[in-house]
Amino acid sequence: MSEHRNESTALDEIHPAGEEVQSYSEEGAMAQESPRNSAAEIPVTSNGQLEDSHEHSFNRDLKRSLPAGLGLSETKITSHDFDSTKEGVVEAGPFPGKGSRAQQKSGPVVLADEVKNPAMEKLELVRKWSLNTYKCTRQIISEKLGRGSRTVDLELEAQIDILRDNKKKYENILRLAQTLSTQLFQMVHTQRQLGDAFADLSLKSLELHEEFGYNADTQKLLAKNGETLLGAINFFIASVNTLVNKTIEDTLLTVKQYESARIEYDAYRTDLEELNLGPRDASTLPKIEQSQQMFQVHKEKYDKMRNDVSIKLKFLEENKVKVLHNQLVLFHNAIAAYFAGNQKQLEQTLKQFHIKLKTPGADAPSWLEEQ
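Residues numbered from 1 in each chain as written. Predicted model: local features only at pLDDT ≥ 70, side-chain atom pairs only at ≥ 80, totals over all residues. Heavy atoms only, no water.

Peer 1: A description of the packing of helix α6 (residues 154-204) against helix α8 (residues 285-339) should follow, citing residues and the corresponding values.
Peer 2: Contact geometry of α6 with α8 gives a least axis separation of 12 Å together with a crossing angle of 30 degrees. It follows from the interaxial angle that α6 and α8 lie roughly parallel. When you trace α6 past α8, the crossing you get is left-handed. Counted together, L156, Q159, I160, L163, N166, Y170, L180, L184 and M187 of α6 and R306, V309, S310, L313, L316, K320, L324, F331 and Y338 of α8 form the full contact between these two elements. Residue classes in the contact of α6 with α8 are distributed as 13 nonpolar, three polar and two charged. (Axes fitted to C-alpha atoms, helices over the stretch in contact; angles between N-to-C directions. Helix = DSSP H or I, 4+ residues; strand = E, 2+ residues; numbered from the N terminus. Parallel < 35°, antiparallel > 145°, perpendicular 65-115°, else oblique. Left-handed = near helix turned anticlockwise from the far one by under 90°. Contact = heavy atoms within 4.5 Å. Nonpolar A, V, L, I, M, F, W, Y, C, P; charged D, E, K, R; others polar.)

Spelled out as structure tokens, the structure:
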């Protein structure tokens with residue numbers, strides 16, 4: 001019997017905390033039965049958690065009952081459900097403070113910088129492009145049907161029409177000069193072959209040695225002068241081609257941008273005029289204000305493009321006169337000297353315009369370079 005008491009005493013000394021916790025559990029059950037008990041007055045929040053003030057007082061009382069070797073920092077009291085058979089569970093681990101408890105009660109986390117959706121941005125760009133295309137298409141159709149009004153700069157429009165007409169004429173001259181160059185090249189090639197044939201017969205026909213020799217020299221001279229004239233014509237073609245297909249084409253590209261800006265300007269101008277003719281109330285005033293802003297943006301763009309076209313037309317005219325003056329003088333002097341048989345004048349013309357003829361076979365690599 002004494003041994004049984006000693007064992008009980010030993011067990012009591014080893015597990016004092018268990019008995020204390022059990023006593024508190026029994027007191028909690030009695031508190032639920034008796035409304036006068038102070039434990040029954042512990043308020044419970046809507047989510048089934050105890051308020052902080054009563055929880056700290058409960059933990060303080062528990063700390064007094066626990067031995068000194070086991071503090072609250074090493075325990076955590078959790079309550080899963082008040083309807084459960086277990087009223088309290090003791091778990092080992094660090095006890096969370098108010099900071100962590102406040103984090104548990106905090107609402108959903110909202111990121112301050114949200115990443116923009118690229119699909120929505122593309123959709124917005126497509127929407128703006130579609131609206132702009134619709135307005136411009138409607139403006140073009142109205143102008144062609146004679147219903148819509150268009151902004152016209154008479155002086156600028158006349159200069160643009162002259163430029164387009166001149167471009168067509170310059171392109172025609174360019175095609176004819178290229179045809180002449182091709183035909184002259186074939187003629188020079190034929191004259192060179194004919195000269196070689198006369199020279200061969202001059203060596204093999206003793207009785208006609210001088211006659212074949214004269215013709216061989218004449219054809220070779222004509223071929224040489226033809227090559228000189230061909231160099232002048234090709235230089236003329238290259239300069240006019242640069243003027244027509246690069247300089248003038250670049251200016252016409254700016255003209256196309258100006259015309260597109262003019263259509264957009266008239267489209268938004270017409271849209272604004274239609275809104276101003278309608279009622280002005282709380283629902284239409286924001287639309288009118290937005291239309292006024294878009295009109296102002298396209299008006300500034302139209303004015304800028306009109307100024308750019310005026311400047312480019314001015315510089316183009318100056319450049320065109322300078323280039324064509326030199327090229328027309330070259331073409332005239334070269335053709336006149338060639339058909340007059342004035343070889344010296346023909347060569348002088350090429351030197352005047354710094355034209356260097358390529359020596360036949362000069363571009364071919366030497367036998368050392370091929371090794």
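Back to the text.
Peer 1: Please provide a residue-by-residue account of the packing of helix α7 (residues 209-277) against α8, values included.
Peer 2: Look at α7 against α8: their axes get within 7 Å of each other, and the N-to-C directions meet at 165 degrees. The angle between α7 and α8 places the two elements in the roughly antiparallel class. The handedness of the crossing between α7 and α8 comes out as left-handed. Taken together, the residues of the contact of α7 with α8 sort by class into 32 nonpolar, 13 polar and 12 charged.

Peer 1: Can you lay out the packing of aromatic side chains for me, pointing to particular residues and giving the numbers?
Peer 2: Tallying each qualifying case throughout the model produces six aromatic pairs. Residues F236 and F331 carry aromatic rings whose centres are separated by 4.9 Å and whose planes lie at 45 degrees to one another, so their mutual orientation is tilted. One end of the pair, F236, is in helix α7; the other, F331, is in helix α8, with 95 residues separating them in the sequence. Taking relative accessible area as the criterion, F331 reaches 26% and is therefore assigned partly exposed. The structure contains a cluster of three or more aromatic residues connected by ring pairs, namely Y258, Y265, F295 and Y302. (Phe/Tyr/Trp six-rings, centres within 6.5 Å; stacked < 30°, edge-to-face > 60°. Buried < 20%, exposed > 50% of the residue type's maximum accessible area, 1.4 Å probe, protein only.)

Peer 1: Which residues make up the side chain of H298, and what are the values?
Peer 2: Tracing the sequence through the fold places H298 in helix α8. Discounting chain neighbours no more than four positions away, the residues touching H298 are N132, E264, Y265 and Y268.

Peer 1: Can you tell me about α8, naming the residues and giving the values?
Peer 2: Here α8 is 55 residues long and its end C-alpha atoms lie 78 Å apart, about the 81 Å a rise of 1.5 Å per residue gives. Phi turns positive, to about 75 degrees, at G341, one or two residues after α8. (Expected span 1.5 Å × (residues − 1).)

Peer 1: I'd love a proper account of the nonpolar core, names of residues and values included.
Peer 2: With 41 residues, the main nonpolar core has I160, L184, I248, Y258 and V309 as its most contacted residues. For this core, the elements supplying multiple residues, two or more each, are α6, α7, α8 and α9 (343-352). Looking at this core element by element, the count peaks at 17 residues for α7. In contact with Y258, other than residues within four places in its own chain, are D153, L156, E157, I160, Y302, M305, R306 and V309. (Core = buried A, V, L, I, M, F, W, Y, C linked by side-chain atoms within 4.5 Å.)

Peer 1: How would you explain unusual backbone geometry if you had to name every residue and give the values?
Peer 2: Most peptide bonds adopt trans geometry, and most residues besides glycine take a negative phi value. Here H354, not a glycine, exhibits a phi torsion of approximately 55 degrees, which is positive. Tracing the sequence through the fold places H354 in the loop between α9 and α10 (367-370).

Peer 1: Can you lay out the side chain of S202 for me, pointing to particular residues and giving the numbers?
Peer 2: Within the secondary structure, S202 is located in helix α6. With sequence-adjacent residues up to four places away left out, S202 is seen in contact with H209, F212 and G213.

So far we have only geometry, and geometry alone does not tell us how the molecule works.
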